[in-house]
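One letter stands for each residue in the lines below.
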Amino acid sequence: MPPLRPLSIIYNEKSGFHAANKEGVYEQIMTIFTHHDFEIQVFELGVEDNFDDFMQQVLARHTGEERGVVVAAGGDGTLNAVASKLKNTDIPMGILPLGTFNYVARVLGIPQDLLQAAQVIATGVPRSVHVATINDRIYLNNASLGLYPLFIQKREHYNQRFGRFIFNAYTSGLDVLIRDHKELKLSVTVDKQVYPVKTPLIFFGNNQLQLQEMNLHIAECVAEGRVAGVVVAKSDKLSLFRMLFQLIKGDLEHARDVYSFSADQVIVESKSKTLTVAIDGEIEELSTPLKFGVVKNALNIMVPDHVIASV
């Protein structure tokens, strides 16, 4: 018999991975991994964990000749947390998509069906992907300042009250525009060219599919390993409603007073010592200046064979 390969599943306690209505699926996933000679251990990522110590415990299983796979089961926040520790290692990450939009899985051709996604983890091949960075943090999908963190906070409020639906993402955006919008005064350096900016929102994307769905031409820049950003130039409510309408239509590229750009490096400076940033759906306070870049081919993710063949 071939030696068992280590497989560690990391899931967020909020993800519902062990939910009662998914117990049958959970057992089938375990069967798939066992059938492919994996030695499985499941780790629950709780709010009380010291994350560095937690991940050291996980990665200790993957230091031998057989690296195995570390599986992130959850949404953007869980994927980001796991990827941050697998960056620049030879340990591949597997994805069981349990988020609302699942952009990382979708852009890599990973099925949304959990059993099919498990098959990809067990039988697929690792593909290296670019990882965007903001200071000492990474983002797989996006990082943003201004209105977007407020969207995230309001969306979580809607999700807790009404369930996790895509419609809530747009409803929360409308709510924020009606109730609360602020303007940031920033200095933005794009490849050494400095621009003074007054804006309610700057959005940085690292997911080609997400930017394509917004109909933004900078989607191709992400594939090339460049920083891709969008800045909104006006903060009055009428302009913001127009922007949200164009976003819902999937045509942000043609919204008034919305400008996209790409660069090798972007630096955002502010008179404030910290800025509130939404990073892959999680809200954080980061010290200024904010330095954005991309580390190319920094993370290996298990994908279907045909995805590699088509690249």
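This text gives an overview of the structure that appears in the document.

Residue placement: Asn-141 occurs in the loop between strand E6 (137–139) and strand E7 (142–146). Given the relative accessible area of 1%, Asn-141 is considered buried. For Asn-141, the side chain forms a polar contact with the side chain of Asp-76, separated by 3.0 Å. Residues in contact with Asn-141, not counting those within four places in the same chain, are Asp-76, Tyr-103, Val-104, Phe-204, Gly-205, Asn-206, Asn-207, Gln-210 and Asp-280.

Of note, the bond from Thr-288 into Pro-289 is cis; its omega dihedral lies within 30 degrees of zero at 0°. If you trace the backbone, Pro-289 turns up in the loop between strand E15 (282–287) and strand E16 (290–303). For Asp-191, which is not glycine, the phi torsion reads 45° and is therefore positive. Turning to its location among the elements, Asp-191 is positioned in the loop between strand E8 (184–190) and strand E9 (193–199). On the basis of relative accessible area, Asp-191 is assigned to the partly exposed category, the value being 37%. The phi dihedral of Lys-192 falls on the positive side, at around 75°, and the residue is not glycine. Relative to the assigned elements, Lys-192 resides in the loop between E8 and E9. Given the relative accessible area of 81%, Lys-192 is considered exposed.

What counts, and where the lines are drawn
Residues numbered from 1 in each chain as written. Predicted model: local features only at pLDDT ≥ 70, side-chain atom pairs only at ≥ 80, totals over all residues. Heavy atoms only, no water. Helix = DSSP H or I, 4+ residues; strand = E, 2+ residues; numbered from the N terminus. Buried < 20%, exposed > 50% of the residue type's maximum accessible area, 1.4 Å probe, protein only. Polar contact = N/O pair within 3.5 Å; in protein donor to acceptor, adjacent residues only side chain to side chain. Contact = heavy atoms within 4.5 Å.

By themselves, these are just geometric observations and shouldn't be taken as functional.
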